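Chain residues, written in single-letter form:
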Amino acid sequence: MAMKKIEIMDTTLRDGEQTSSVSFSASEKLTIAKLLLEELKVDRIEIASARVSEGELQAVKDVTNWAKENDYLHTVEVLTFVDKGVSIDWMIEAGAKVQNLLTKGSLNHLTHQLKKTPNQHFKEILRVALLAKEKGIETNIYLEDWSNGMRNSKDYVFEFLEFLSAQPIKRIMLPDTLGVITPKESYDFVKEIKDKYPNLHFDFHAHNDYDLGVANVMEALKAGADGLHLTINGMGERAGNAPMSSTIAVINDFMPEIKVGVNEKVLYTVSKLVETFSGVMIPANKPVVGANVFTQTAGIHADGDNKNNLYFSDLLPERFGRTRKYALGKSSGKANIQKNLQELGLQLNDEDLRKVTQRIIELGDKKQVVTKEDLPYIISDVLDYTYEEKVKVNSYVLTHSKGLKPSTTVSITINNETFEENASGDGQFDAFMNAIRNIFKKKDMVLPGLIDYAVRIPPGSHSDALCETIITWKNKSPEKEFKTRGLDSDQTVSAIKATEKMLNIIIN
Ligand SMILES: CC(C)C(=O)C(=O)O
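Along each chain, numbering runs from 1 in the same order as the chain's sequence is written. With pLDDT at 70 or above as the cut-off, local features in this predicted model cover only qualifying residues; side-chain atom pairs require 80 or more to be listed or tallied, and sums for whole chains, interfaces and linings still use all residues. Based on all heavy atoms of the structure, the side-chain values leave hydrogens and waters out of the count.

Going by what an unreviewed UniProt entry lists, the chain is known as 2-isopropylmalate synthase and is assigned to Flavivirga rizhaonensis. A UniProt comment under Sequence similarities (unreviewed entry) is attached to the chain, and it reads "Belongs to the alpha-IPM synthase/homocitrate synthase family." UniProt positions are given in the numbering used here, feature names are shortened, and annotations may be inferred rather than shown by experiment.

Below is the structure:
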């Protein structure tokens, strides 16, 4: 099968910047431009619209200076306007060498926005293109609203293409400006054009208003498109453009006849950088780059991964510099927990695994997010001591208010006898301990003294689910020092859990 190499033009820094409320600084543009060309290895980048602002002029200068030194100048493009050469002057000042000239690709736009005839428009375009040529600037042409043009004014589009085919134009760019065409139309429209002009270069520029961006791109490629315009994270006007990440994966996996030079391995890094610079968060379920897309949550999937790789797909996380994860939560089951334990190099027997699974399900039921880093803490909490539960903290109220001492009402059961006690203290936990002390006094028992109280959250954990309190106690008779730990999302509750363990140790 003959393979066709197509051009990937990234327009994150032009159309992507048209995402509502996004503005890249000059240094951000330069950093992204370098990453796109040197690491991701796209063929071309569009970095700005001409005449936008002084800041934009500086940003383009910074990129063109770098591009000139590194032989990328002819891959750096700027969107320009049919404005008698004002954009060209701006480009010359900015040091840019390739203009993407915005023209009208539908009669509707031409008539109602520019209020020109086709001939008037073509003449003005020719003037700009010739001027550009004279100044050493290459011209590509955008046919804005082209997709509607093909639907409603096809004669005009073909008249325009006939005109362009005789001009010093390098590429013709076909935008579905409003993201309104279907995959079938994408195929039919590009095919009709490519059949008539097989030797002209056509880029396809999809928008994602119906979430059809990637599907439309696939069809345009099948019909013969020679290049694509994509953006990182699918940023762009309104619903954005076709996203780089899934488009590249789709081409690599489903279109063996098409070759692209993009380096999949760095897609995720570039996406995260653009997320940071733009402030636009990548949705967790965004294919290839979303936080969750390589995480198996259902236990049955993790189980299947252990059995002949039953849930294998070509979309392997390692391709994109990512790793498979197994979520811990109420539906995760033993297989997910075991996968995480393996990664941590831990092994549990069946009974302990059952207890840990039970605890993770309880946490999941409380909507708490548990991460791999939390696991050792959960294990040591659950498997800490084995004793008969003779003391149980049934319920408590803790108050905290300005100007009044913290107070508590506690109900506990000791050897099947239930006690209720009120107390106050210097803090909520102190009030709780005072109440417990009073209850144990009634049973002629003295509680061990508290000699150390340490709180920590699982290091490296990205969840705010858990907090561990480790209390060191000193008992008088028999004399001994020991530690208990409690784990909960609430710090006071984790201390109360550690105390409940201490009470069971002394009573057993
Ligand atoms: C500004 C133009 C080129 C555009 O992005 C579009 O028509 O989609």
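A. A look at the overall build of the chain. Helix and strand definitions follow DSSP, with helices as H or I runs of at least four residues and strands as E runs of at least two, each counted in order from the N terminus. Secondary structure summary: the chain contains 17 helices and 18 strands in total. Radius of gyration here uses only the C-alpha atoms, and the compact-globule reference equals 2.2 Å multiplied by the residue count raised to the power 0.38. Compactness check: the chain gives a C-alpha radius of gyration of 33 Å against a globular reference of 23 Å for 508 residues, more than 25% above the reference. If you line up the chain on its principal axes, its C-alpha atoms span 105 × 55 × 45 Å. Counting across all 508 residues of the chain, residues that qualify as buried make up 51%. Only heavy atoms enter the contact rule, under which two residues are in contact if any of them lie within 4.5 Å. The contacts in the chain between residues at least 6 apart in sequence include a share of 66% that link residues at least 24 apart. Areas reported here follow the Shrake-Rupley algorithm with a probe of radius 1.4 Å; residue values treat only the protein chains shown as occluding. Per element, the accessible surface of the chain, about 23,700 Å² overall, is 50% carbon and sulfur. The charged-residue count follows a simple rule in which Lys and Arg add positive charge and Asp and Glu add negative charge, with His and chain termini not counted at all. One atom stands in for each charge, and that atom is NZ of Lys, CZ of Arg, CG of Asp or CD of Glu. Averaging the positions of the 63 positive and the 71 negative side-chain charges in the chain gives two centres separated by 1 Å. Only protein chains enter the accessibility calculation, which uses a 1.4 Å probe; a residue whose area is less than 20% of its type maximum is buried, one above 50% is exposed, and one in between is partly exposed.

B. Spotlight on the site of the ligand. Residue proximity to a molecule or strand is established when one non-hydrogen atom of the residue lies within 4 Å of it. Close to the ligand lie Arg-14, Asp-15, Leu-79, Leu-102, Tyr-142, Glu-144, Pro-175, Thr-177, His-205 and His-207. Here His-205 contributes a side-chain N or O atom positioned 3.2 Å from an oxygen atom of the ligand. Per-class residue counts for the shell around the ligand are four nonpolar, three polar and three charged. Residues adjacent in sequence count toward polar contacts only when both atoms are side-chain atoms; beyond that, a polar contact is any pair of N or O atoms within 3.5 Å, and within protein one must be able to donate a hydrogen and the other to accept it. Under the convention adopted here, Pro, Cys and the residues Ala, Val, Leu, Ile, Met, Phe, Trp and Tyr are nonpolar, Asp, Glu, Lys and Arg are charged, and Gly plus all remaining residues are polar.

C. Geometry of the packing of aromatic side chains. Only Phe, Tyr and Trp rings are paired, with Trp represented by its six-membered ring, and only when their centres lie within 6.5 Å; those with planes under 30 degrees apart are stacked, over 60 edge-to-face, the remainder tilted. Taken as a whole and assessed by the stated rule, the structure comprises 12 aromatic pairs. Ring plane angle 90° and centroid distance 6.2 Å describe the contact between Trp-146 and Phe-204, whose orientation is recorded as edge-to-face. Of the two residues, Trp-146 sits in helix α6 (residues 146-152) while Phe-204 sits in strand β8 (residues 201-205), which places them 58 residues apart along the sequence. According to the relative accessible area criterion, Phe-204 is buried, its value standing at 1%. Directly above the aromatic system of Tyr-268 lies the positively charged group of Arg-322, at a separation of 4.1 Å from the ring centroid. Think of it as a cone above the ring: NZ of Lys or CZ of Arg counts as a charge over the ring if it is within 6 Å of the ring centre and within 35 degrees of the ring normal.

D. The arrangement of unusual backbone geometry in detail. The phi angle at Lys-84 is positive, at roughly 60°, despite the residue not being glycine. Lys-84 sits in the exposed class, given a relative accessible area of 63%. With a phi angle near 65°, Asn-233 is a residue other than glycine that sits in the positive phi range. Structurally, Asn-233 is set in the loop between β9 (227-230) and α10 (244-254).

E. Highlighting the pattern of salt bridges. By definition here, a salt bridge exists when the distance from a side-chain nitrogen of Lys or Arg to a carboxyl oxygen of Asp or Glu is within 4 Å. Applying the stated criterion across every chain yields a total of 38 salt bridges. The residue Arg-238 makes a salt bridge to Asp-209 at a minimum N-O spacing of 2.7 Å. One end of the pair, Arg-238, is in the loop between β9 and α10; the other, Asp-209, is in the loop between β8 and α9 (213-222), with 29 residues separating them in the sequence. By relative accessible area, Arg-238 is classed as partly exposed at 43%. What emerges from the salt-bridge pattern is a single network uniting Glu-7, Arg-44, Glu-77, Arg-171 and Asp-203.

F. Just the pairing of strand β13 (residues 391-401), in detail. Sheet topology places β13 next to strand β14 (residues 404-414); nine bridges connect them, and they run antiparallel. Its bridge partner lying in β14, Val-391 is registered against Ile-414. Between any two strands, pairing holds if DSSP finds at least two bridges.

G. Layout of a nonpolar patch on the surface. Like-charged residues within 9 Å of one another, or nonpolar side chains (Val, Leu, Ile, Met, Phe, Trp, Tyr) within 5 Å, are grouped into patches, provided each residue has over 30% relative accessible area and no salt bridge. Together, Ile-300, Leu-310 and Tyr-311 line one region of the surface with nonpolar side chains, adding up to about 310 Å² of accessible area. With respect to the secondary-structure elements, Ile-300 resides in helix α12 (residues 299-306). With relative accessibility at 55%, the residue Ile-300 sits in the exposed group.

H. Inspection of the sheet that holds strand β15 (residues 417-424) at higher detail. Overall, antiparallel pairing links the three strands, which are arranged β13-β14-β15 in an open sheet. Across the chains shown, the open sheet's two edge strands, defined by having one partner strand only, are β13 and β15. Within this sheet the neighbouring strands show an average axis-to-axis angle of 10°, counted without direction. In the sheet, β14 pairs with β15 via eight bridges, with the strands oriented antiparallel. Paired with Ile-412 across the two strands is Phe-419, which belongs to β15. In this analysis, axes come from line fits to C-alpha atoms, helices being fitted only over the stretch in contact, and the angle between any two N-to-C directions falls in the range 0 to 180 degrees. The sheet contacts of helix α16 (residues 428-442) involve β13, β14 and β15, and relative to β14 the element is tilted by about 45°. Contacts from helix α17 (residues 491-507) reach β13 and β14 within the one sheet, and its direction differs from that of β13 by about 145°.

I. Summary view of the side chain of Ser-153. Within the secondary structure, Ser-153 sits in the loop between α6 and α7 (154-164). A relative accessible area of 9% means that Ser-153 is categorised as buried.

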